[in-house]
Amino acid sequence: MTTTETPAPPDGQTEAAATALRKTPARKRLVPYWLLLPGILWLIVFFAAPLVYQASTSIQTGSLEEGFKVTWHFATYWDALGEYWPQFVRSVLYAATATVLCLLLGYPLAYLIAFKAGRWRNVVMILVIAPFFTSFLIRTLAWKTILADGGPVVGVLNSLHVLDVTSWLGVTEGQRVLATPLAVVCGLTYNFLPFMVLPLYTSLERIDPRLHEAAGDLYARPSTTFRRVTFPLSMPGVVAGTLLTFIPAAGDYINAELLGSTDQKMIGNVIQSQFLRVLDYPTAAALSFLLMAAILAMVTIYIRKSGTEDLV
């Protein structure tokens, strides 16, 4: 068997192409950079500049009456971490629990939409993203009504003695759900569930159905097909969905504010209070940077352990 090779262009043609490239007007060569300029300016004005300002604020000392001055007081970070580490741990725990629940609820839903919905696929997708048309605050307030002490949900849980078990586990208190960790986690799970479903659906939709047929032809059970074919191929969606859920959930403060009590405050509530009530701007800025650093470290480790370094 013989192979054909593409003949190399003559030296004259190569030199002509190089000459034409050199003669290309400079303004045409700069077109891609001009197209990037608006995005770069946006990032500088609304991300880089505020980040630098917050970094400067975190190392200041003073008061609102006397004014704040940059004194390179890095001890603010250590003091803030030493005082508010329980809120950090609680934020990570609540966000991780909500992320796991979103994955357990969202994966079957995304699988149903991708492979079983048929002509109803678009309708189900609209139902998934419909909550985005309602304010985040209103959705959380709705959960406050749903989980009210005299509501039907709490009544059913009491009749089934579910609250006795959850109270023993420490996620509820007595015969009520509001102002407990369970209420905060439920709010986080509901509000961020679409962020899990959409990446999972996109990843599952790309899987060739013929792979499932091939697994069946090789006498693989449905569970084996899912474990060996479907789930590994959907890992990019799993990683993207967990990141899109965990990162905003860790910094959220609305759910803990409306559905929890002072015992369920997350680090986002502390930052909001330091900025707007206590007016301790250096501590608030230091907590913000500590939260960003912690999330960045956890996300980096998670991506590398999941084998999807290309997402970094």
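Notes on the structure in this doc start here. (Residues numbered from 1 in each chain as written. Predicted model: local features only at pLDDT ≥ 70, side-chain atom pairs only at ≥ 80, totals over all residues. Heavy atoms only, no water.)

**Some details on the overall build of the protein**
Working step 1: Along the protein, the regular secondary structure elements total 15 helices and 2 strands.
Working step 2: Across the 312 residues in the protein, those meeting the buried criterion constitute 34%.
Working step 3: Considering only intrachain contacts with a sequence separation of at least 6, the fraction spanning at least 24 residues in the protein is 66%. (Helix = DSSP H or I, 4+ residues; strand = E, 2+ residues; numbered from the N terminus. Buried < 20%, exposed > 50% of the residue type's maximum accessible area, 1.4 Å probe, protein only. Contact = heavy atoms within 4.5 Å.)

**With respect to the packing of aromatic side chains**
Two aromatic rings are characterised by how far apart their centres lie and by the angle between their planes.
Working step 1: Counting across every chain of the model gives 12 aromatic pairs.
Working step 2: Both rings, one in tryptophan 42 and one in phenylalanine 46, keep their centres 4.5 Å apart while their planes meet at 45°; by these two values the pair is tilted. Separated by 4 residues within a single helix, tryptophan 42 and phenylalanine 46 lie in helix H3 (residues 31-58), roughly one turn from each other.
Working step 3: According to the relative accessible area criterion, tryptophan 42 is exposed, its value standing at 58%. (Phe/Tyr/Trp six-rings, centres within 6.5 Å; stacked < 30°, edge-to-face > 60°.)

**A short note on the nonpolar core**
Working step 1: If you look at the biggest cluster of nonpolar residues, it comprises 30 residues, and the most contacted ones within it are Leu188, Ile267 and Leu287.
Working step 2: Secondary-structure elements contributing two or more residues to this core are helix H4 (75-116), helix H9 (181-205), helix H12 (235-250), helix H14 (267-278) and helix H15 (281-305).
Working step 3: For this core, the element with the highest residue contribution is H15, accounting for 8 residues.
Working step 4: In contact with leucine 287, other than residues within four places in its own chain, are Ala80, Tyr84, Phe88, Ile267, Val270, Ile271 and Gln274.
Working step 5: Within the second largest apolar cluster, 14 residues are counted, among which are Ile113, Met196, Tyr201 and Val238. (Core = buried A, V, L, I, M, F, W, Y, C linked by side-chain atoms within 4.5 Å.)

**What about the pattern of salt bridges?**
If charged atoms from side chains of opposite charge come close, those side chains can pair.
Working step 1: If you walk through the whole model with that rule in mind, you get 5 salt bridges.
Working step 2: Of the charged contacts in the structure, one is a salt bridge between arginine 277 and glutamate 257, with a shortest N-O distance of 3.8 Å. One end of the pair, arginine 277, is in helix H14; the other, glutamate 257, is in helix H13 (residues 254-259), with 20 residues separating them in the sequence.
Working step 3: Arginine 277 gets classed as exposed once you look at its relative accessible area, which sits at 55%.
Working step 4: Within this structure, Glu257, Lys265 and Arg277 form a network of salt bridges that share partners. (Salt bridge = Lys/Arg side-chain N within 4 Å of Asp/Glu carboxyl O.)

**A few points about unusual backbone geometry**
Working step 1: One non-glycine residue with positive phi stands out, namely histidine 161, at about 60°.
Working step 2: Summarising the element assignment, histidine 161 is placed in the loop between helix H7 (152-159) and helix H8 (162-169).
Working step 3: Exposure remark for histidine 161: the relative accessible area of 51% places this residue in the exposed category.
Working step 4: Of note in this structure, alanine 179 is not a glycine but carries a positive phi near 65°.
Working step 5: Following the sequence through the fold, alanine 179 ends up in the loop between H8 and H9.

**Describing helix H11 (residues 222-233)**
Working step 1: Under the 1.5 Å per step criterion, the end-to-end length of H11 is 15 Å for 12 residues, consistent within 8% with the ideal 16 Å.
Working step 2: Thr225, Val229 and Thr230 are the residues of H11 that are buried. One side of H11 holds all its buried residues, which, seen down the axis, span an arc of 85°.
Working step 3: Packing partners of the buried residues in H11 comprise H4, H9 and helix H10 (209-217). (Expected span 1.5 Å × (residues − 1). Arc of directions from axis to C-beta.)

**Considerations on the pairing of strand E1 (residues 60-63)**
Working step 1: Bridge count for E1 against strand E2 (residues 67-70) is 4 bridges, and the pairing is antiparallel. Counterpart to threonine 61 in the pairing with E2 is lysine 69.
Working step 2: Hairpin remark: E1 followed by E2, antiparallel, with 3 residues in the connecting loop. (Pairing = 2+ DSSP bridges.)

**Details of the packing of H9 against H12**
Working step 1: Look at H9 against H12: their axes get within 8 Å of each other, and the N-to-C directions meet at 160°. As the angle between them shows, H9 and H12 are arranged roughly antiparallel. H9 and H12 meet at a crossing whose hand is right-handed. Where H9 approaches H12, its residues Leu188, Phe192, Phe195, Met196, Pro199, Leu200 and Ser203 are matched on the opposing element by Pro236, Gly237, Val238, Ala240, Gly241, Thr242, Leu244, Thr245, Pro248 and Ala249. (Axes fitted to C-alpha atoms, helices over the stretch in contact; angles between N-to-C directions. Parallel < 35°, antiparallel > 145°, perpendicular 65-115°, else oblique. Left-handed = near helix turned anticlockwise from the far one by under 90°.)

**As for the packing of H4 against H14**
Working step 1: Two elements in contact, H4 and H14, have axes separated by 8 Å at closest approach and are oriented at 135°. When the interaxial angle is binned, H4 and H14 end up oblique. Residues Tyr84, Gln87, Phe88 and Ser91 of H4 form the contact with H14, whose participating residues are Ile267, Val270 and Gln274.
Working step 2: For the contact of H4 with H14, the per-class residue count stands at 4 nonpolar, 3 polar and no charged. (Nonpolar A, V, L, I, M, F, W, Y, C, P; charged D, E, K, R; others polar.)

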